[in-house]
Amino acid sequence: MRPMKKSQLPLTARWPDHELGRELKVISQVLDHHPIIAALAHQDLCGNFKDVGAPGMSADQVVRCAILQRIHDFTFAKLAFHLEDSSSFRAFVRLAWGEEIKKSALHAAIK
């Protein structure tokens, strides 16, 4: 019998069986196996700044957003839209449920 609703949704990312989904999964695995990439980005992002204000995106998220932007040649506005709209992109960037990133935050972090 068909259930009315699922009692619990999966917490792990689901990569679609599509060329782009497979590509994002492989890139994500490469980034996970080479944490130095996020460490270098963190050093660059935090270099001469004081630790004040909201935490913002993690260095890993900034790297992942920059990769998406370059792969698809997105403007910051289009990247912000696709991060809001695409579950695959959200999983790749590791955005929490309900978390959103504005185009101005993307611009400030990626530039």
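What counts and how
- Per chain, residues are indexed from 1 in the order of the written sequence.
- Under the rules for a predicted model, residues below a pLDDT of 70 receive no local features and side-chain atom pairs below 80 are neither given nor counted, while totals for whole chains, interfaces and linings still include all residues.
- By convention in this description, side-chain values take in all heavy atoms of the structure and omit both hydrogens and water.
- Counting from the N terminus, the helices are DSSP H or I runs at least four residues long and the strands are E runs at least two residues long.
- Exposure is judged per residue with a 1.4 Å probe applied to protein chains only, and the accessible area is read against the type maximum: over 50% gives exposed, under 20% gives buried, and values in between give partly exposed.
- Working rule for contacts: check all heavy atoms of both residues, and any pair within 4.5 Å makes them a contact.
- Areas reported as accessible are Shrake-Rupley estimates using a 1.4 Å probe. Residue values count occlusion only from the protein chains shown.
- Surface patches are defined over residues having more than 30% relative accessible area and no salt bridge, joining like charges when they lie within 9 Å and nonpolar side chains (Val, Leu, Ile, Met, Phe, Trp, Tyr) when within 5 Å.
- By convention in these notes, a salt bridge is any Lys or Arg side-chain nitrogen within 4 Å of a carboxyl oxygen on Asp or Glu.
- The predictor attaches a confidence to each residue, and that confidence, scored 0 to 100, is pLDDT.
- Side-chain atoms alone can form a polar contact between residues adjacent in sequence; in general such a contact is a pair of N or O atoms within 3.5 Å, and within protein one must be able to donate a hydrogen while the other accepts it.

**Some details on the overall build of the protein chain**
- Looking only at helices and strands, the protein chain has six helices and zero strands in total.
- Going residue by residue from the N terminus, the α and β elements of the protein chain occur as α-α-α-α-α-α.
- Across the 111 residues that make up the protein chain, the buried fraction comes to 30%.
- Counting only contacts in the protein chain whose residues sit at least 6 apart along the sequence, the fraction spanning at least 24 positions is 57%.
- Here the protein chain has roughly 8,600 Å² of accessible surface; of this, 57% comes from carbon and sulfur atoms.

**Thoughts on a nonpolar patch on the surface**
- A cluster of nonpolar side chains, contributed by Ile36, Ile37 and Leu40, occupies part of the molecular surface with about 270 Å² of accessible area.
- Inspection of the secondary structure assignment puts Leu40 in helix α2 (residues 36–46).

**With respect to the confidence of the model for the protein chain**
- Averaged over every residue, the pLDDT of the protein chain is 83; the share at 70 or more is 81%.
- Per-element mean pLDDT across the protein chain ranges from 88 in α2 up to 95 in helix α4 (residues 76–85).
- When the criterion is pLDDT under 50, residues 1–5 qualifies, and its contacts beyond four places in sequence or with other chains add up to zero contacts.

**Side note on the side chain of Ser28**
- Here Ser28 is to be found in helix α1 (residues 19–33).
- You can call Ser28 buried: its relative accessible area is 5%.
- Looking at Ser28, its side chain comes within polar contact range of the side chain of Arg64, at 3.0 Å.
- Setting aside chain neighbours within four positions, we find Ser28 in contact with Trp15, Arg64, Phe92 and Arg94.

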